[in-house]
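Coordinates in review
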Amino acid sequence: MDTLTAQLQNLPPESSNDIFSLSDQVLSERLEFIEEIGFGNWGSVWLCKPKPATTKDGAVRQLGQKLAVKLVHRSKTPTTAARVRSLWNEMKIVRSFKLDPHPSIIPFHSFIITPSYALITMSYLPTLVPVEVEESKAREWFRFLLSGVEFLHKRGVVHNDIKPANILLSHKNIPVLVDFGFAEKYDMESDTAFHSNLSYGTPEYLSPERARGLPHDTRKSDVWSLGVTFFEILVGRTPFEHSDGEQFSSSEDLEKYWARTLRGKWVGTWDFSKGMEKLLHRMIAPNADLRCTATHAIADSFWQTPCKDSLASHSTCLPFTLSFNSLGI
C-alpha cells in the first residue's frame, strides 16, 4: 500500500464527504473532461463537469456545474510521486479554508485518488485578471487581494507564487488567488514559522532575498510579489522590466533582472496616483526589514484618500472593510 492510500484510509469519518478513493472507471463515469486549460511540470488543469446522475427512482439529475480539475498522473517514478505529494499538500492547505472561506481564495471542492490519477476539484473561474487597467478599476481588486493575503498569513500560510497568471476573476468581479502548488503552511507557535532559505517561485516575482536563497520571512516575499503584481496589473509589465515581454532566457538575463530588483529603482514610465506609488514602494522595498506587511498595507493612508486622488471618481473612499455575507460567502 502506498503512503497516500494509507493516509486516505486513516482520515477521520467527517472527511468522507470531500475526499474519495475511486476506480478509474468510476471517475470516468462521474466526470466529463472537456478540455485542458493549463499545463506545467507539475501536471495539468482541466475544465470538467459532473456527468448526469441517475437517482434511485430512475430520474436523471443534471449536475452541470463546471469545475477546474488539477490532475497528476500516479506512475511509479520519483518525479511523479513528488508531484502527487505536492498535490496532497496543496489540497490540505486549500481545504483548511472550506469552513473559513475568503472571497479572494479559491474554494476547494474535493480530492480524488484513483489507481492512475490524483485530482483536486475546485471552482472554475474562466477569466484571468487583465493588465494595463486603470487605477480606479483596479483599486478594489487590490483591496480584496491584500485582504486575502493577510487572511493567509494570519493562518500560517504563504502562497509563494503570487502573480497575475494566478489571479482569476469571479462572476462577482472579485479577484481570486489560485494555484497553491508552492504554498506552505507553518506552525504559528514555532520559532521558525515563516522562515525559509528556499528560492522557488516564478523568477520575475521573486523578492531579492528569495531570488538569492537567503534566509527570509516568506510573508515579506509574498508582499513583494503582490506589489509587483499590482504594478503589472496597472502598467502591463513588472517595475523592473524594460518592456512588456522582456525575455529572461538565461541565468545571466535573470541575474541582470534581479540586480535591478536589488537596487529597487523602477524602470520605464507609469501613470498612477502618488498614493498608489507610495504604497507600492512600501510593498516593493528591496530591504525586507523596510518592506510592509499585508496588514500594514491594508492600513496604509492610501485607502483613506478620496477616490478622485486615485483617478477619475469624485466619491469618497470608505475605510477598508469586507462583509463576506454581503458577497454571498
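Structure shown above.
To keep things clear, this report deals only with the structure shown in the data block. (Residues numbered from 1 in each chain as written. Predicted model: local features only at pLDDT ≥ 70, side-chain atom pairs only at ≥ 80, totals over all residues. Heavy atoms only, no water.)

From N to C terminus, the protein chain includes 10 helices and 15 strands. Sorting the 329 residues of the protein chain into buried and exposed places 48% on the buried side. In the protein chain, the proportion of contacts linking residues at least 24 apart, taken out of those at least 6 apart, comes to 61%. Summed over its atoms, the accessible surface of the protein chain is roughly 16,600 Å², and 53% of this surface lies on carbon and sulfur atoms. (Helix = DSSP H or I, 4+ residues; strand = E, 2+ residues; numbered from the N terminus. Buried < 20%, exposed > 50% of the residue type's maximum accessible area, 1.4 Å probe, protein only. Contact = heavy atoms within 4.5 Å. Areas by Shrake-Rupley, 256 points an atom, 1.4 Å probe, with all protein chains shown as cover.)

Next up on the list: the nonpolar core. Ranked by size, the top nonpolar core spans 68 residues in total, and within it Phe111, Phe142, Leu177, Phe180, Leu280 and Met283 carry the most contacts. Looking at this core element by element, the count peaks at nine residues for helix H6 (residues 218-235). With residues up to four places along the chain from it excluded, the contact list for Phe180 reads Glu90, Ile93, Val94, Ile105, Ile106, Leu152 and His159. Formed by nine residues, the second largest nonpolar core is a distinct cluster that contains Leu27, Cys48, Leu67 and Leu119. (Core = buried A, V, L, I, M, F, W, Y, C linked by side-chain atoms within 4.5 Å.)

Moving on to H6. Here H6 spans 26 Å end to end across 18 residues, near enough to the 26 Å set by a 1.5 Å rise per residue. Burial analysis of H6 places 17 of its 18 residues in the buried class, which makes it a mostly covered element. Between the side-chain oxygen at the start of H6 and the backbone nitrogen of Arg219 there is a gap of 2.9 Å, and the oxygen is on Asp217. (Expected span 1.5 Å × (residues − 1). Polar contact = N/O pair within 3.5 Å; in protein donor to acceptor, adjacent residues only side chain to side chain.)

A few words now on unusual backbone geometry. Negative phi is the rule for most residues except glycine; trans is the rule for most peptide bonds. With phi around 55 degrees, Glu132 is a residue other than glycine that occupies positive phi space. Relative to the helices and strands, Glu132 resides in the loop between strand S9 (127-128) and helix H4 (135-154). Overall, the relative accessible area of 58% leaves Glu132 in the exposed class. For Phe194, which is not glycine, the phi dihedral falls at a positive 70 degrees. Here Phe194 is to be found in the loop between strand S13 (184-185) and strand S14 (195-196).

Turning our attention to the packing of H4 against H6. Where H4 contacts H6, the axes come no closer than 11 Å and their chain directions differ by 165 degrees. Taken together, the axes of H4 and H6 are roughly antiparallel relative to one another. Once H4 is placed against H6, the crossing between them reads as right-handed. Contacts between H4 and H6 involve Glu135, Ala138, Trp141, Phe142, Leu145, Leu146, Val149 and His153 from the first element and Arg219, Asp222, Leu226, Phe230, Ile233 and Leu234 from the second. When its residues are assigned to classes, the contact of H4 with H6 shows 10 nonpolar, one polar and three charged. (Axes fitted to C-alpha atoms, helices over the stretch in contact; angles between N-to-C directions. Parallel < 35°, antiparallel > 145°, perpendicular 65-115°, else oblique. Left-handed = near helix turned anticlockwise from the far one by under 90°. Nonpolar A, V, L, I, M, F, W, Y, C, P; charged D, E, K, R; others polar.)

Right, let's get into the layout of surface pockets. The space that makes up the largest pocket amounts to roughly 850 Å³. Within the residue set of the lining of the largest pocket, elements represented by two or more residues are strand S2 (31-40), strand S6 (67-73), helix H3 (78-95) and strand S8 (117-123). The dominant element in the lining of the largest pocket, judged by the number of residues it contributes, is H3, at five residues. (1 Å grid on protein atoms, 1.4 Å probe; cavity = no way out; pocket = protein on both sides within 12 Å on 5 of 7 lines; lining within 4 Å. Points joined across faces, edges and corners; volume = space filled by probe spheres on them.)

What follows is about the sheet that holds strand S1 (residues 19-21). The pairing of strands in a sheet comes from backbone hydrogen bonds and takes either a parallel or an antiparallel form. One open sheet holds the six strands; their spatial order is S1-S7-S8-S6-S3-S2, and the pairing between them is mixed. Either end of the sheet is taken by a strand with one partner, and the two such strands are S1 and S2. Between one strand axis and the next, the sheet turns through 25 degrees on average, direction left out of account. Where S2 meets strand S3 (residues 43-50), eight bridges bridge the pair, whose relative direction is antiparallel. Bridge assignment links Gly38 to a residue of S3, and that residue is Val45. On top of the sheet, H3 reaches S1, S6, strand S7 (108-113) and S8; it is set at about 150 degrees to S6, its chief contact. (Pairing = 2+ DSSP bridges.)

Between H6 and helix H8 (residues 274-283), whose axes approach to 8 Å, the crossing angle comes to 145 degrees. Note on packing geometry: the crossing formed by H6 with H8 is left-handed. Contact residues: H6 offers Val223, Trp224, Leu226, Gly227, Phe230, Phe231 and Leu234, while H8 offers Met276, Leu280 and Met283.

Here the focus is the environment of Asp217. Along the chain, the position of Asp217 falls in strand S15 (residues 216-217). Within the structure, Asp217 has its side chain in polar contact with the backbone nitrogen of Arg219 (distance 2.9 Å).

Two descriptors summarise a pair of aromatic rings, namely the distance from one centre to the other and the angle between the planes of the rings. According to the stated counting rule, one finds 15 aromatic pairs in the structure shown. Judged by centre distance (6.3 Å) and plane angle (90 degrees), the ring pair of Phe240 and Tyr257 falls under edge-to-face. Taken together, the residues span a long stretch of sequence, with Phe240 in the loop between H6 and helix H7 (251-263) and Tyr257 in helix H7 at a distance of 17 residues. Side by side, Phe240 and Tyr257 carry an identical accessibility label, which is buried. Cluster of aromatic residues (ring-pair linked, three or more members): Trp224, Phe240, Phe248 and Tyr257. Across from the ring centre of Phe302, 4.4 Å away, lies the NZ or CZ of Arg139, which sits over that ring. (Phe/Tyr/Trp six-rings, centres within 6.5 Å; stacked < 30°, edge-to-face > 60°. Lys NZ or Arg CZ within 6 Å of the ring centre and 35° of its normal.)

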